[in-house]
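Below are the chains, spelled out letter by letter.
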Amino acid sequence: MISTAVRTCFPVAAKVLADKAEEINKLNVFPVPDGDTGTNMSLTLNTVVKEVEALPRDASMEEIAKAITHGSLMGARGNSGVITSQILRGIAEGLCDAKGETATTSDIAHALRRGVKVAFKAVRKPVEGTILTVLKDVSAKADSCELKRMSPDETLDAIVVEAYESVARTPELLPVLKENGVVDSGAFGLATFIEGFVNALKGKEGQVSDFKTTVESTDDAKSHVSDVVDIELNDDWEGSQYRYCTEFLFKADSPDFDEEGTLKFLSSMGDCELLVGTNPDYKIHVHSNRPDQVLGHMLELGQIFKVFIHNMDLEAHERTEKIAADKKAAAKPERKELGFVAVAAGSGEADILKSLGVDVVVFGGQTMNPSTADILAAIEEVNAKNVIVLPDNGNIRMAAEAAANACDTAKVTVVPTKTVLQAFAAMFAVDTGLSAEENAEEMTDAIAAIRDGEVTTAVRDSAAADGTPIHANDVMGIEGGEIVVVGKDVQDVCVRLINKMQEDEEGDTLTILAGKDMSDEDFEKLISAIEEAQPDLEIDSHRGEQPLYPVVFSIE
């Protein structure tokens, strides 16, 4: 039955349009920003869905048509929503005239003609290249199908194709669209709804064609305008005449309410004026600089409610900023040949890694190891064909290798650094003229040439490598994973550890990082003490801001 088909397919088509609402919003450039077309059309359709779903299961087409008319009128938002409400009203009224259980091609053509008549009557100054153009074109296509005695299924398919081809022609009819390189937003919204409805009717619920595929069949111009991926920014509101989009529901006090006189008043207050409905219930829409005067006048003629006043100036700039942000986020640079990911425990460490060429730093370390997912996300963020990962901690290596194996967007190699200082040495060895494999080998050799030292505080009783007892809160000096110095003072333990490492194997350069718990003053005192103890050692000091370890260093 026709009523069953409408009740079943309408909510599906409404959801299809809602899913594309944001895409439709971004196309809105005609003739001045008037809210968001996709959002307004979706809100209008959703109100209809609620009213239709509230009907009894055996509701007739006439009852459904009344629900569509009332729901779309009550829920209509913006210029596009009001016009959509009239299109729906006309088509629903036309379907009520069908005599059979299912719609024939003649019924479809009749319903669309009725939609054209009602919608064009509501708009005092129809503009070509808009939603009304698509409605008129699909109606003409249905008339043609009726003359050719095409089946209802063939007619519906032809209507969908014609809807998108009509959308593709809108830039040729409306200069502002062509200037911005887009199709009309309302036109695209209507075509989307039509296809959503037809697909639901044919058992392809929720499906919608790619717009470009649908319209690239006839000429280069259509192919060009169908590619709406790159939305141009439209921020030329200055100079537009009216600022406020004013819309509200109105209930007339008199059965002799003067519709034509009211339209003349609205046109004197601004443009894009619409007065739709039947006495006593109306929807009013107008662009004006004095919404207060519009509302004041209408209050003398009846009651007003559900008033919406939009500042289109502000909306225009907000939409432009959002589109700019979206374009920036979507602009992804070309994949480079080689990139680097490293793990850091402190902000200072991260800054140094980035200065050495690391693309993405993952924060982690002792007691806060990053997950495989964290490292995989960092690898993908690098956007490189080859990525080298520096885990900088023995406990993180397995997660790094798991991420490397899970990555299918790049070739990933893990250089097994156990400390961030090894990562520094590895990055110094990078040669961009070499392949990823060659660089990984050079970096692995580089980390073998340095010796690491760490100073931290014991959290429980234990023993050093030589059997020296360790008590909780003792300061420990660690070399190569072994506790070799124990004491009560960070400076004392650090100097003794450096002295021991120098005695074992003399190095030339000391790279040392202060943790977040070491003050600048204490760090300066420590450097002075090291200089006094090792006058021939070149010292490169930085703030690493790593937790738990007040000092980490390397000697090479």
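Quick look at the structure, then. (Residues numbered from 1 in each chain as written. Predicted model: local features only at pLDDT ≥ 70, side-chain atom pairs only at ≥ 80, totals over all residues. Heavy atoms only, no water.)

Points about the overall build of the chain
Applicable threshold: Secondary structure elements follow DSSP: runs of H or I no shorter than four residues count as helices, runs of E no shorter than two count as strands, and numbering proceeds from the N terminus. Exposure classes here rest on a 1.4 Å probe applied to the protein chains alone. A residue is buried below 20% of its type maximum, exposed above 50%, and partly exposed in between. Contact definition: two residues touch when any of their heavy atoms are within 4.5 Å. All accessible-area figures derive from a Shrake-Rupley calculation using a 1.4 Å probe, and residue coverage is judged against the displayed protein chains alone.
The number of helices and strands found in the chain is 22 helices and 16 strands. By residue count, 51% of the 556 residues in the chain fall in the buried class. Look at the contacts in the chain between residues 6 or more apart in sequence, and 69% of them connect residues 24 or more apart. Put simply, the chain shows about 26000 Å² of open surface, and 49% of that area lies on carbon and sulfur atoms.

Details of the environment of Asn 386
Along the polypeptide, Asn 386 turns up in strand β7 (residues 384–390). Residue classification places Asn 386 among the buried positions, given a relative accessible area of 13%. With 49 residues separating them along the chain, Asn 386 and Ser 435 place their C-alpha atoms 9.0 Å apart. Residues within four places of Asn 386 in sequence aside, it is in contact with Glu 337, Leu 338, Gly 339, Lys 411 and Ala 436.

Examining the side chain of Thr 44
For Thr 44, the location among the structural elements is in helix α3 (residues 37–53). Setting aside residues up to four positions removed in sequence, Thr 44 forms contacts with Ser 72, Gly 75, Ala 76, Arg 77, Gly 81 and Ser 85.

A closer look at the sheet that holds strand β15 (residues 538–543)
Counted only if it meets this: Should DSSP find at least two bridges between two strands, the strands are regarded as paired. Lines fitted to C-alpha atoms define the axes here, with helix axes fitted over just the stretch in contact, and angles between the N-to-C directions of these axes take values from 0 to 180 degrees.
In spatial order, the strands read β13-β12-β9-β16-β14-β15; together these six strands make up an open sheet with mixed pairing. This sheet does not close on itself; its edge strands, each paired only once, are β13 (482–487) and β15. Across the sheet, the mean angle separating the axes of adjacent strands is 20 degrees when strand polarity is ignored. Across the sheet, helix α21 (residues 490–504) touches β9 (451–457), β12 (475–479), β13, β14 (509–514) and β16 (551–555), and the angle it forms with β12 is around 25 degrees.

Digging into the sheet that holds strand β1 (residues 244–252)
Strand order in the open sheet made by the four strands is β2-β3-β1-β4, with antiparallel pairing throughout. Lying at the two open borders of the sheet, with one neighbouring strand each, are β2 (270–278) and β4 (302–311). If you compare each strand with its neighbour and ignore which way they point, the axes differ by 15 degrees on average. The pairing of β1 with β4 spans eight bridges and is classified as antiparallel. Following the sheet pairing, Lys 251 is matched in β4 by Gln 303. Each of β1, β3 (281–288) and β4 touches helix α14 (residues 291–299); the most contacted strand, β4, lies at about 170 degrees to it.

Some thoughts on the packing of helix α1 (residues 2–19) against helix α10 (residues 185–201)
To keep things clear, this is the line we draw: The scheme is simple: roughly parallel for angles under 35 degrees, roughly antiparallel for over 145, roughly perpendicular for 65 to 115, oblique for anything else. Throughout, a crossing is termed right-handed when the near helix is turned clockwise from the far one, and left-handed when it is turned anticlockwise from it by less than a right angle. When residues are sorted by character, Ala, Val, Leu, Ile, Met, Phe, Trp, Tyr, Cys and Pro go into the nonpolar class, Asp, Glu, Lys and Arg into the charged class, and all the rest, Gly among them, into the polar class.
Between α1 and α10, the least distance of the axes is 8 Å, while the angle of their chain directions is 135 degrees. Taken together, the axes of α1 and α10 are oblique relative to one another. At the point where α1 passes α10, the crossing takes the right-handed sense. Contact residues: Ala 5, Val 6, Cys 9, Phe 10, Val 12, Ala 13, Ala 14, Val 16 and Leu 17 in α1; Gly 189, Thr 192, Phe 193, Gly 196, Phe 197, Ala 200 and Leu 201 in α10. Within the contact of α1 with α10, the residues separate by chemical class into 13 nonpolar, three polar and no charged.

Details of helix α8 (residues 152–173)
We count it as follows: The span expected for a helix works out to 1.5 Å for each residue beyond the first. Two axes enter the bend calculation: one fitted to the seven residues ending at the residue in question, the other to the seven starting there, and the bend is the angle between them.
The end-to-end C-alpha distance of α8 is 30 Å, a good match for the 32 Å that 22 residues give at a rise of 1.5 Å each. A maximum bend of about 25 degrees is found in α8 at Val 167, where proline Pro 171 lies one to four positions downstream.

So, the packing of aromatic side chains
The relation between two aromatic rings is expressed through the spacing of the ring centres and the mutual angle of the planes. Inclusion rule: A pair of Phe, Tyr and Trp rings is counted when the ring centres sit within 6.5 Å of each other, with Trp represented by its six-membered ring. The angle between the planes then sorts it: under 30 degrees is stacked, over 60 is edge-to-face, the rest tilted.
On inspection of all chains with the given rule, the structure shows six aromatic pairs. On the numbers, 6.5 Å between centres and 55 degrees between planes, the contact of Tyr 164 with Phe 188 is tilted. With Tyr 164 in helix α8 and Phe 188 in helix α10, the pair connects residues that are 24 residues apart, well separated along the chain. A relative accessible area of 1% means that Tyr 164 is categorised as buried. Centroid distance Phe 250 to Phe 257: 5.2 Å. Interplanar angle 45 degrees. Geometry classified as tilted. Take Phe 250 and Phe 257: they sit in the same class, and that class is buried. One aromatic cluster in this structure is built from Phe 10, Phe 193 and Phe 197.

Re helix α4 (residues 61–75)
Between the first and last C-alpha of α4 there are 20 Å, a value that for 15 residues agrees with the 21 Å anticipated at 1.5 Å per step. Elements in contact with the buried residues of α4: α1, α3, α5 (78–95), β1, β2 and β3.

Observations regarding unusual backbone geometry
Following Asn 279, the chain continues into Pro 280 via a peptide bond in cis, with omega recorded as 10 degrees. Position of Pro 280 relative to the elements: it lies in the loop between β2 and β3. One non-glycine residue, Arg 149, lies in the positive phi region at around 55 degrees. Mapped onto the fold, Arg 149 is located in the loop between α7 (131–147) and α8. Taking the relative accessible area as the measure of exposure, Arg 149 reaches 75% and is therefore exposed. Look at Asp 392: it is not a glycine, yet its phi comes out positive at around 60 degrees.

Quick notes on the side chain of Ser 42
By the element assignment, Ser 42 lies in helix α3. Assessed through its relative accessible area of 9%, Ser 42 is described here as buried. Ignoring any residue separated from it by four or fewer positions in sequence, one finds Ser 42 in contact with Leu 17 and Ala 18.

Quick word on the nonpolar core
Short version of the rule: To form a nonpolar core, buried Ala, Val, Leu, Ile, Met, Phe, Trp, Tyr and Cys residues must be joined to one another through side-chain atoms within 4.5 Å.
In terms of nonpolar packing, the biggest core is built from 68 residues, with Val 6, Phe 10, Ile 68 and Ile 194 touching the most fellow members. The element best represented in this core is α10, accounting for nine residues. The contact partners of Ile 68, leaving out residues within four places of it in the chain, are Val 6, Val 48, Val 52, Leu 88 and Ala 92. With 25 residues, the next largest nonpolar core counts Leu 353, Met 427, Ala 440 and Leu 513 among its residues.

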